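# Remarks on the overall topology
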Amino acid sequence: MKRLSLAILGAAALSAGSAIAVQATAIEVTVVNDTAVLETRMPRALSDYGFFTDAAGQIPSANVTPYRLNTPLYTDSASKLRFAYVPKGKQAVADGEGLLKFPVGSALIKTFAYGEGEDRRLIETRVLLHRADGWLALPYKWNDEQTEAKLALVGARLDVDTPEHGTISYRVPNKNQCKQCHSIDDTVVPIGPKARNLSSDWMAAMVKAGHVDAMPQGTGALPVWEHRQEADLNDTARAYLDVNCAHCHQPQGKASNSGLDLRWEQDDPTSVGIRKRPVAAGRGSGGLNFSIVPGDSSRSIMVHRMGSDNPGVAMPELGKTTVDKDGVDVITRWIDAMPEKTF
Amino acid sequence: MNKLNRMCLAAGALLLAAQPAWAETITIAPGDGAQERLQEALILAEPGDEIVLEAGRFALTDGLSLDVDGVTVRGAGMDQTVLDFSNQMGAGEGLLVTSDNVVLREFGMENSKGDGIKSKGADNIVYYKLRVEWTRGPHEENGAYAIYPVESENVLVDSVTTIAASDAGIYVGQSKNIIVRNSVAKYNVAGIEIENSYGADVYNNLAVNNTGGILVFDLPDIPQQGGRDVRVFENIVVDNNTRNFAPEGNIVASVPSGMGVMVMSHFNVEVFGNVFAENATGNVLITAYPNETEDADYNPLPVNILVKDNIQGRAGYKPAMRGGEMLAAAFGGTIPPVTHDGNGSDIVVQDGVPVLSLGFTKPAQPFTEAQPSVVDLSGDADKPLMLKPIVLPEAMEAVVKQ
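Residues numbered from 1 in each chain as written. Chains lettered and ligands numbered in written order. Predicted model: local features only at pLDDT ≥ 70, side-chain atom pairs only at ≥ 80, totals over all residues. Heavy atoms only, no water.

### Observations concerning unusual backbone geometry
Following Met315 of chain A, the chain continues into Pro316 of chain A via a peptide bond in cis, with omega recorded as -10°. With respect to the helices, strands and loops of the structure, Pro316 of chain A is situated in the loop between helix H8 (301-306) and helix H9 (325-336). One non-glycine residue, Glu278 of chain B, lies in the positive phi region at around 60°. As for its placement among the helices and strands, Glu278 of chain B is situated in the loop between strand E27 (275-277) and strand E28 (282-287). By relative accessible area, which is 26% here, Glu278 of chain B ends up partly exposed. (Helix = DSSP H or I, 4+ residues; strand = E, 2+ residues; numbered from the N terminus. Buried < 20%, exposed > 50% of the residue type's maximum accessible area, 1.4 Å probe, protein only.)

Put into structure tokens, the structure is as follows:
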């Protein structure tokens, strides 16, 4: 019954011509299924949650707000559609420039896609559900018809045509792999929505809408990736490392044993990799002695591993199969610009 | 079914319930979809469950992972059940374990692109009768570690075989309370390595044809340091003369080929009752950390190292350490079987053999400043063994009695 009325609303919206605006009002009727977010052990289909009124179009339901990150994580050049769901009557709490503290019942949704407009193809949607006993990360894989995304507990390996890299063997992570990146001290946590990596405009709108309690200090401190040529190179590089590496490379992360700490706030040169010898890099070292040799990216393990697509060498280990050329470019310029003697 | 039968069945079930009542056995066969079927079982397992891998080859394309406490993964034997990663396309290891009380037993793993089996923050883990191997033999592009527990408390590695790791066959790092025994390490760069760990017994192993047989190291700039309390005893450490094929940059790349046991910048190590022979550089080397470091919390020196009651077979006939050729020439072709770089304190060698001292007075000194000489480090009196045996939780020892 509900589905039928939605279909009618959708049709009405389309016939009205200004689809988005009219749909936005029509959408008010669709709400997220809080039982799926909070209780159903592992919902089998993305549609069970009701995060979208139009899932294929990625048009969100009420209280599901799209967002972007100033500096995003690289995933084989896929475009990402991110959404945050905060249940009605609840609020995320600002925690300085760090991760917004989302209340129980919230969800973060991220869809990975290639192509634009009518050619856009949704590959997978990953959800992070904040339940009473903590966050749960689950991956959903879209079908070829683009009508539904089903739970892909064990992940998947797909041949995907991409505009930038041609056909690649794209990896949808399994449930455990979700956790490998999304964990601090073995507890699942979100990574992306830190205030410092969200725009002030977005945050202001969230505060105004009542989804966030207050404007966090330090909002938007990370440079906007597309504007990196105008930004401070050190900030750009450190933002890139924070977003792409620091979920593992920090004292409570998966790569804690490496002793490499690539968080934005880390200011000890050795911890960031400067003249730091590898611990367990194996052939990842590429015959080089230090993570970063100031002034010489060609002798820096960091650049060697970022520039490899060879499993066992390539960094990050998960979530990508191709090299992020723009990321390598930034880190290369950053290291080459380091004065050799200052550290 | 009549009532009596039901009662008998119920009684039988109770008797068998040594495992939690809900424990299940999930059997996985090799063949199509092995990657998905096995990974699904690893994800959906409940504590107490046993995942049984049937005999045969499992062709795998991505790293496997286990994050459920109390799960046993059991194969049909280290040569009968083989996880084959020859066509691996992603992930940094073949199998990653991140949960506690896990038992891995009786299967083999071949040709993973990175490490073999890694367990991180996985307390009370048992590795039993496993084989992890790179089948092409020593090669720079083999994975670094075959068996790789790290940041864990209570680690048991028993009756495993590791072959051709480009770093260490059995590597235990930044862990506490460790036993490595009854195992074979061959054709690795380091056969067995205990690194930045607190409390380890390494005994009754065979380390043969590695670059270095058994290493006890402590390194700077990593979260757990101050490695201490390691006993290396009753091992056979012979013929460790394979060329060093570790990529430069890794600390083991500095291990000279022909090394038996090497102790680097560590507290409280006892090396006793081992059989050493045919290690061309030397049977035992005790040394400071060889590189410059700015880590103020780090002690680069070996402290309180006792080498005692070992059988010292032929060694030192082709020393490959810095200045080795010159040293050999100076000592008539063969250097003593035990070398001490001169650094550290309380270094005692009571094996009835001469010791070569390199005469360094600080770590990371250039070889040109060496003052080589033969020294007697046996001290005044018989120095007793002081370190206590490692004791693991009974449940872990029970595993290897089954």
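There's plenty left to go through after this.
### Some thoughts on the interface of chain B and chain A
In this assembly, 44 residues from chain B lie in contact with 38 residues from chain A. A combined buried area of about 3,200 Å² lies between chain B and chain A, and 49% of that area is made up of carbon and sulfur atoms. Counting every contact that joins chain B to chain A gives four salt bridges. Among the ionic pairs, Asp62 of chain B bridges to Arg157 of chain A, the shortest N-O distance being 2.5 Å. Counting the contacts that link chain B with chain A gives 18 residue pairs in polar contact (both at pLDDT 80 or more). Every element with two or more residues in the side of chain B that touches chain A is listed here: helix H2 (34-44), strand E4 (62-66), strand E7 (90-97), strand E10 (115-120) and strand E13 (145-150) of chain B. Residue composition of the side of chain B that touches chain A, by class: 15 nonpolar, 14 polar and 15 charged. (Contact = heavy atoms within 4.5 Å. Buried area = accessible area lost by both parts, 1.4 Å probe. Salt bridge = Lys/Arg side-chain N within 4 Å of Asp/Glu carboxyl O. Polar contact = N/O pair within 3.5 Å; in protein donor to acceptor, adjacent residues only side chain to side chain. Nonpolar A, V, L, I, M, F, W, Y, C, P; charged D, E, K, R; others polar.)

### A word on helix H5 (residues 200-208) of chain A
Three or four residues apart is the spacing at which side chains of an α-helix point the same way, because the helix has 3.6 residues per turn. All names here are of chain A. Residues Trp202, Met203 and Met206 constitute the buried set of H5. The buried residues of H5 occupy one face: seen down the axis, they fall within an arc of 95°. Opposite the packed face of H5, turned more than 90 degrees from it, sit the exposed residues Asp201 and Lys208. Buried residues along H5 sit in contact with strand E3 (64-67). Immediately beyond the C-terminal end of H5, within one or two residues, lies Gly210, with a positive phi of roughly 85°. (Arc of directions from axis to C-beta.)

### A closer look at the packing of aromatic side chains
The geometry of two aromatic rings is summed up by the distance between their centres and the angle between their planes. Considering all chains together, one arrives at 15 aromatic pairs over all chains under this definition. On the numbers, 5.7 Å between centres and 90° between planes, the contact of Tyr49 of chain A with Tyr140 of chain A is edge-to-face. With Tyr49 of chain A in the loop between helix H3 (34-38) and strand E1 (52-54) and Tyr140 of chain A in strand E7 (residues 134-142), this pair connects stretches of sequence that are 91 residues apart. Accessibility assignment for this pair places Tyr49 of chain A and Tyr140 of chain A in one class, buried. Counting every residue linked through ring pairs, the aromatic cluster contains Tyr49, Phe51, Tyr85 and Tyr140 of chain A. Across the ring face of Tyr198 of chain B, the terminal group of Arg228 of chain B is positioned such that the distance to the ring centre comes to 3.8 Å. (Phe/Tyr/Trp six-rings, centres within 6.5 Å; stacked < 30°, edge-to-face > 60°. Lys NZ or Arg CZ within 6 Å of the ring centre and 35° of its normal.)

### Examining the pattern of salt bridges
Residue and element names in this part refer to chain A. Counting across every chain of the model gives 33 salt bridges over all chains. Here Arg228 and Asp326 are joined by a salt bridge, their closest N and O atoms 3.4 Å apart. Of this pair, Arg228 sits in the loop between H5 and helix H6 (233-244) while Asp326 sits in helix H9, and the two are 98 residues apart along the sequence. Using a relative accessible area of 15% as the deciding quantity, one classes Arg228 as buried. If you follow the salt bridges from partner to partner, you end up with Glu97, Arg196, Asp242, Asp261, Arg263 and Glu265 in one network.

### Some points on empty space enclosed by the protein
Residue and element names in this part refer to chain B. In this structure the tally under the stated criterion is two cavities of 30 Å³ or more. Taken together, Leu38, Leu42, Leu53, Leu64, Val73, Leu83, Leu95 and Phe107 make up the full set of residues lining the second largest cavity. The class makeup of the residues in the lining of the second largest cavity is eight nonpolar, no polar and no charged. (1 Å grid on protein atoms, 1.4 Å probe; cavity = no way out; pocket = protein on both sides within 12 Å on 5 of 7 lines; lining within 4 Å. Points joined across faces, edges and corners; volume = space filled by probe spheres on them.)

### Quick notes on the pairing of strand E14 (residues 153-158) of chain B
Residues and elements named next belong to chain B. Counted residue by residue, E14 has five buried out of six residues, so it is predominantly covered. When strand E11 (residues 125-128) meets E14, the two strands line up parallel, connected through four bridges. For Val126, the partnering residue across the bridge sits in E14 and is Leu156. (Pairing = 2+ DSSP bridges.)

### Some remarks on the environment of Phe331 of chain B
Among the structural elements, Phe331 of chain B can be located in the loop between helix H3 (324-330) and strand E31 (338-340). Counting along the chain gives 231 residues from Phe331 of chain B to Asp100 of chain B, while the straight-line C-alpha distance between them is 52 Å.

### Examining the environment of Glu153 of chain B
Residues and elements named next belong to chain B. Mapped onto the elements, Glu153 comes out in strand E14. Sequence-wise, Glu153 and Lys176 are 23 residues apart; in three dimensions their C-alpha atoms are separated by 4.7 Å. If we skip the residues at most four places from it in the chain, Glu153 touches Asp123, Asn124 and Lys176.

### A few points about the sheet that holds E7 of chain A
Residues and elements named next belong to chain A. The strand order E3-E4-E5-E6-E7-E8 describes an open sheet built from six strands, whose pairing is antiparallel. With one partner strand each, in any of the chains shown, E3 and strand E8 (149-151) form the two edges of the open sheet. Averaged over all adjacent pairs, the angle separating strand axes in this sheet is 25°, with direction ignored. For strand E5 (residues 107-114) and strand E6 (residues 121-131), the ladder comprises eight bridges, and the chain directions are antiparallel. (Axes fitted to C-alpha atoms, helices over the stretch in contact; angles between N-to-C directions.)

### Description of the nonpolar core
In this structure, Leu83 and Leu104 of chain B are the most contacted members of the largest nonpolar core, which totals 67 residues. Among the elements that take part in this core, H2 of chain B stands out by supplying four residues, more than any other. With residues near it in sequence (within four places) discarded, Leu83 of chain B still touches Leu38, Leu53, Phe58, Leu60, Leu64, Phe107, Gly108, Met109 and Glu110 of chain B. Counting 26 residues, the second largest nonpolar core, distinct from the first, contains Phe51, Phe83, Ala113 and Tyr140 of chain A. (Core = buried A, V, L, I, M, F, W, Y, C linked by side-chain atoms within 4.5 Å.)

### Some points on the side chain of Lys194 of chain A
All names here are of chain A. Looking at the secondary structure, you find Lys194 in the loop between strand E12 (187-188) and H5. At 4.9 Å, Asp242 is the nearest oppositely charged side chain to Lys194, a buried residue that forms no salt bridge. Among the polar contacts made by the side chain of Lys194, one reaches the main-chain carbonyl oxygen of Ile191 at a distance of 2.9 Å. The contact partners of Lys194, leaving out residues within four places of it in the chain, are Glu97, Gly98 and Leu99. (Lys, Arg positive; Asp, Glu negative; His and termini not counted.)

### Section: the layout of surface pockets
For the largest pocket, the calculated volume is near 930 Å³. In terms of lining residues, the largest pocket is bounded by 44 residues, among which Arg277 of chain A together with Ile251, Tyr289, Pro290 and Asn291 of chain B are the most central. Of all the secondary-structure elements, those providing two or more residues to the lining of the largest pocket are helix H7 (269-272) of chain A together with strand E25 (259-264) and E28 of chain B. For the lining of the largest pocket, the residue count by class is 24 nonpolar, ten polar and ten charged.

Coordinates in, geometry out; function isn't part of it.
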